[in-house]
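Report on the structure
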Amino acid sequence: MTMLIRVDPLKPNEEILRKAAEMIKEGGVVAFPTETVYGLGADCFNTTAVLKIFEIKKRPADNPLIVHIHDKNQLALLVDQSYERASAIIDVFWPGPVTIIFRKKPAVPKEVTGGLETVAVRMPSHPVAFKFLQLCGTPIAAPSANLSGKPSPTRAEHVIDDLYGTVDAIIDGGETPFGIESTIIDFSREKPVLLRPGPATVEEIQRVVSDLQIPEFLLKKTDEPVRPLSPGMSYRHYAPEKPVILVANEERLDEVLSKYPDAPVVCPQEMLSRFYGRKTIVLGTLKEPFTIAQQLFSVLRQIDSLTADVAIVIGFEPRGILFSVMNRLRRAATEIVE
Ligand code: AMP
Ligand code: MG
């Protein structure tokens, strides 16, 4: 049985959240909204509960989870290195959509970290997540609350579609504000490395961490297989079941359109007039690129409900938040037109 709990995202009712926190203490799994996407949480020190997350999501065991905390003091339970080099990031971005990789304490179960000697930690700023974590009192291991491979959930309805009946509770706090998963920075190595671009943009991170390394696989134009530093990054991901053609080079748009005359097009508002006569789905506006990130996964889920057998998605100039959006689109695409 799955309990559906609706809360006011800004002023969540504490008594109701307490019920969900009790479920966690009893070894249950609970989906909850964060400022990035919905997470599926369990007590990070309860291995049986953590294994339930993998079973429910059908997630490969080597794909590690992010541990969520509400208080910096909880780092001492998880981390086996000095936080000094990461302190500027913590001061500027926590609570918020940035995850930090540290060397882990032996007490952190290897099931949480996919067998790695490092642990990913984040302190969310969403009022529901923050309060829920406080009431749980223990760090919460939580990946995105979707079935493995599907686009991450940005609305409670997405979580219901994927996980209703298999989780103990779903906390509905409305649409998640950023809509894409956290920025991940690895501080366990000699130099800080960006592992996943997210809502905190590369430009913003570089203002705080001047020696940030950006690995080749994030900059690569082609999608040739490269060995990723972050295990979860090797899977096709965020993907609708239908094939998606990503047009990364606008000069080849006409060629793609004539090859797929019946394919619907996903594009920003500004480009709509180029597709008269075709089914279109609007993905935000270039004037407010954060709306593009916010709507991205909802739109990718929408593609599967269309009758066409293939969809065309128009790519973006990979700058600021749109660099993160393009990272997700590249991994959702079955074909990239460069
Ligand atoms: P999700 O919350 O579903 O976006 O999944 C968490 C992602 O965080 C994983 O797929 C990995 O890419 C990344 N991650 C978690 N822990 C680690 C770690 N110890 N080292 C590198 N990447 C990690
Ligand atoms: Mg995920």
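You'll find the structure just up there.
A brief look at the structure comes next. The numbers attached to residues start from 1 for each chain and follow its sequence in the written order. Whichever chain is written first becomes A and whichever ligand is written first becomes 1, with later ones labelled in order. Predicted model: local features are reported for residues with pLDDT of at least 70 only, side-chain atom pairs are reported and counted for 80 or more only, and whole-chain, interface and lining totals are derived from all residues. Only hydrogens and water are removed before side-chain values are computed, so all heavy atoms of the structure are retained for them.

This part covers helix α2 (residues 47-57). Those residues of α2 that sit buried are Ala49, Val50, Ile53, Phe54, Ile56 and Lys57. Throughout, a contact is declared for two residues whenever any of their heavy atoms are within 4.5 Å. We count a stretch as a helix when DSSP gives it H or I for four or more residues in a row; a strand needs E for two or more, and each element gets its number in order from the N terminus. The elements touched by buried residues of α2 are β3 (38-43), β7 (140-141) and α6 (156-163). The positive-phi residue at the C-terminal boundary of α2 is lysine 58, with phi of around 55°. Relative accessibility decides the category of a residue: with a 1.4 Å probe and only protein chains considered, values under 20% of the type maximum give buried, values over 50% give exposed, and everything between is partly exposed.

Okay, the packing of helix α10 (residues 289-303) against helix α11 (residues 321-332) next. Fitting a line to C-alpha atoms yields each axis, with helices limited to the stretch in contact; the angle taken between N-to-C directions then spans 0 to 180 degrees. Relative orientation of the contacting elements α10 and α11 amounts to 20°, with a least axis distance of 9 Å. Classified by the angle their axes make, α10 and α11 are roughly parallel. In this structure, α10 crosses over α11, and the sense of that crossing is left-handed. Residues Pro289, Phe290, Ile292, Ala293, Leu296, Phe297 and Leu300 of α10 form the contact with α11, whose own contacting residues are Ile321, Leu322, Val325, Arg328, Leu329 and Ala332. Gly is placed with the polar residues, together with every amino acid not listed as nonpolar (Ala, Val, Leu, Ile, Met, Phe, Trp, Tyr, Cys and Pro) or charged (Asp, Glu, Lys and Arg). Counted by class, the contact of α10 with α11 contains twelve nonpolar, no polar and one charged residues. Should an angle lie under 35 degrees it is considered roughly parallel, over 145 roughly antiparallel, and from 65 to 115 roughly perpendicular; all remaining angles are considered oblique. Put simply, a crossing is left-handed when the front helix is turned counterclockwise from the back one by less than a right angle, and right-handed when it is turned clockwise.

For this analysis, a ring pair means two rings from Phe, Tyr or Trp (six-membered ring only for Trp) whose centres lie within 6.5 Å, classed as stacked if their planes differ by under 30 degrees, edge-to-face if by over 60, and tilted for the remaining angles. Counted under the stated rule, the structure contains three aromatic pairs. Centroid distance phenylalanine 178 to phenylalanine 290: 6.2 Å. Interplanar angle 55°. Geometry classified as tilted. Residue phenylalanine 178 is located in the loop between β8 (169-172) and β9 (183-186), and its partner phenylalanine 290 is located in helix α10; the two are separated by 112 residues in the primary sequence. Under the relative-accessibility criterion, phenylalanine 178 is labelled partly exposed at 26%.

Throughout this description, the term nonpolar core refers to a set of buried Ala, Val, Leu, Ile, Met, Phe, Trp, Tyr and Cys residues connected via side-chain atoms within 4.5 Å. Of all hydrophobic cores here, the largest spans 48 residues; its most connected members are Leu40, Leu78, Ile89, Trp94, Val121 and Ile205. Among the elements that take part in this core, α2 stands out by supplying five residues, more than any other. For leucine 78, the residues in contact, after removing those within four places along its chain, are Cys44, Phe45, Val67, Ile69, Arg103, Lys104, Lys105, Val108, Val119, Val121 and Pro139.

Across the sheet, five strands lie side by side as β13-β12-β14-β11-β15; this open sheet has parallel pairing. Here the strands that pair on one side only, and so sit at the sheet edges, are β13 (280-282) and β15 (335-337). When the angles between neighbouring strand axes are averaged without regard to direction, this sheet yields 20°. A pair of strands is considered paired only if DSSP assigns at least 2 bridges between the two. Here strand β11 (residues 244-247) pairs with strand β14 (residues 311-314) via four bridges, running parallel. Paired with isoleucine 245 across the bridge in β14 is isoleucine 312. Each of β11, β12 (265-267), β13 and β14 is contacted by α10, which is oriented at about 160° to β13, the strand it contacts most. Packed onto the sheet, α11 meets β11, β14 and β15 and runs at close to 140° relative to β11.

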